[in-house]
Amino acid sequence: MSKKIVVFGEVRDGELRNVSFEAVAAAKLVSEGGEIVAAVFGDGSLEKAAQELIYYGADRVVTVQNETLKTYTSEGYAQAALAVIEDEDPEGIVMGHTAAGKDLTPKLASKLDSGLISDVTSIEVAGGNVVFTRPIYSGKAFEKKIVTDGLIFATVRPNNIAPLERDESRTGEITAKEVEIKDIRTVIKEVLRKSTEGVDLSEAKVVIAGGRGVKSKEGFEPLQELADALGGAVGASRGACDADYCDYSLQIGQTGKVVTPDLYIACGISGAIQHLAGMSNSKVIVAINKDPEANIFNVADYGIVGDLFDVVPKLTEEIKKLKV
Ligand code: FAD
């Protein structure tokens, strides 16, 4: 049965995050041929973001522009989101499983008296049901969920559902909605971003992660060079963060970021269970470690037993040659 689905896009520094397009593709699957209404919030012009959402598959876009929506607050965004939901009365809602998505969606679900299927990694239609797959027990198992009654509400993990092809011939209505946003008790004074420059770690297609084996801050330099050559981002184990070789914003794992890139290269990481929780669903895993018994080799598709300071520069050199 076709359904109307609302998708919340995410704008950061005027640009839509890639996961917004993935959420539109997810919504298409959930809608089973129904209407996709995207919504974006911010304080500046949202016209360009709205247009992009249409190119990527949204049928209509609602923008809410308000100075209180310049940066994310759960109070402000929840009011804007609830106003859109009230207008549209959708059968489903989809958003990225990002920091904002993880904060906003439980609040909305509770206000709407709805369930929430979070951190979805794939969606399929089987036996007349929309079936959501999500990891459980820190990624060691997957469960499948269907919604039998009421609102279908899901967040999708970045990098798991491919966006639809961008099509500039697509057209759709863009409506600016006025929402009175009040009683915001949170004051954002400054936003400090510590992620790697350029590619966002949680959305990167390639992640080069360093562990205690990199031995120093400078030890991360060859990893950054490899990441640059592959257009990827640098991440780290908690071991490397605890040793102060890098910032905690790079930490991947149970208590860090969860990533699912196409390629994950673990350099000098032993493969503790808490680290695997953040990366074991990567599509291809390469491990570089001096110790042939290191646990990381148990999850790796390709293992290189060797010194990362020999292997990583050689890899970078070869990749650069391929690009010439
Ligand atoms: P180590 O275990 O010390 O491994 C270093 C590896 O580098 C070794 O395998 C060694 O053989 C190799 N090596 C050394 N020199 C070289 C070289 N020159 N070339 C190649 N290889 C080399 N960890 C996380 O990563 N993320 C988390 O989110 C996380 N959350 C946690 C939550 C809790 C509650 C707890 C208790 C722990 C958590 N940990 C987490 C910590 C985790 O248990 C490990 O201690 C940590 O992942 C180890 O980091 P590491 O692999 O870099 O270091």
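Residues numbered from 1 in each chain as written. Predicted model: local features only at pLDDT ≥ 70, side-chain atom pairs only at ≥ 80, totals over all residues. Heavy atoms only, no water.

- Identification of the protein as Electron transfer flavoprotein alpha subunit from Salirhabdus euzebyi is taken from an unreviewed UniProt entry.
- What UniProt records for the protein under Sequence similarities (unreviewed entry) is the sentence "Belongs to the ETF alpha-subunit/FixB family." (UniProt positions renumbered as here; feature names shortened; annotations may be inferred.)

1. Remarks on the pairing of strand β14 (residues 233-236)
Stage number 1. The alternating pattern of β14 places Ala233 and Gly235 and Val234 and Ala236 on opposite faces, both of which are buried.
Stage number 2. As judged from the 4 bridges shared by strand β13 (residues 206-210) and β14, these two strands associate in the parallel manner. Considered in β14, the bridge of Gly210 is made with Ala236.
Stage number 3. Running through helix α5 (residues 221-230), the crossover from β13 to the neighbouring parallel element β14 is right-handed. (Buried < 20%, exposed > 50% of the residue type's maximum accessible area, 1.4 Å probe, protein only. Helix = DSSP H or I, 4+ residues; strand = E, 2+ residues; numbered from the N terminus. Pairing = 2+ DSSP bridges. Right-handed = clockwise from strand over helix to strand, strands pointing away.)

2. Quick look at the pattern of salt bridges
Pairing is possible between side chains of opposite charge, provided their charged atoms come close.
Stage number 1. What the rule picks out here adds up to 22 salt bridges.
Stage number 2. A salt bridge links Lys283 to Asp262, with the nearest nitrogen and oxygen atoms 3.3 Å apart. Within this pair, whereas Lys283 is found in the loop between α7 (273-276) and β16 (284-289), its partner Asp262 is found in the loop between α6 (238-242) and β15 (263-267), the two being separated by 21 residues in sequence.
Stage number 3. Residue classification places Asp262 among the partly exposed positions, given a relative accessible area of 34%.
Stage number 4. Because the salt bridges share partners, they merge into one network encompassing Glu10, Arg12, Arg17, Asp200 and Glu203. (Salt bridge = Lys/Arg side-chain N within 4 Å of Asp/Glu carboxyl O.)

3. Some words on the site of the ligand
Stage number 1. Of all residues adjacent to the ligand, which total 26 residues, the nearest are Arg212, Ser237, Thr255, Ser270 and Asn289.
Stage number 2. Lys215 places a polar side-chain atom, nitrogen or oxygen, 2.8 Å from a nitrogen atom of the ligand.
Stage number 3. Gly256 places a polar main-chain atom, nitrogen or oxygen, 3.4 Å from an oxygen atom of the ligand.
Stage number 4. Protein coverage of the free-state accessible area of the ligand, which is 990 Å², stands at 76%.
Stage number 5. Contributions of two or more residues to the shell around the ligand are made by α6, α7 and α8 (308-323).
Stage number 6. Residues of the shell around the ligand, tallied by class, amount to 5 nonpolar, 15 polar and 6 charged. (Near = heavy atom within 4 Å. Polar contact = N/O pair within 3.5 Å; in protein donor to acceptor, adjacent residues only side chain to side chain. Areas by Shrake-Rupley, 256 points an atom, 1.4 Å probe, with all protein chains shown as cover. Nonpolar A, V, L, I, M, F, W, Y, C, P; charged D, E, K, R; others polar.)

4. Concerning the pairing of β16
Stage number 1. Within β16, 5 of the 6 residues are buried, leaving the element largely enclosed by the surrounding structure.
Stage number 2. Taken together, the 4 bridges between β16 and strand β17 (residues 302-305) define a ladder with parallel strand orientation. Counterpart to Asn289 in the pairing with β17 is Val305.

5. Let's talk about a negative patch on the surface
Stage number 1. There is a patch of like negative charges on the surface, built from Glu218, Glu221, Glu225 and Asp228.
Stage number 2. By secondary structure assignment, the location of Glu218 is in the loop between β13 and α5. (Patch = residues over 30% accessible without salt bridge, like charges linked within 9 Å, V, L, I, M, F, W, Y side chains within 5 Å. Lys, Arg positive; Asp, Glu negative; His and termini not counted. Charge placed at Lys NZ, Arg CZ, Asp CG, Glu CD.)

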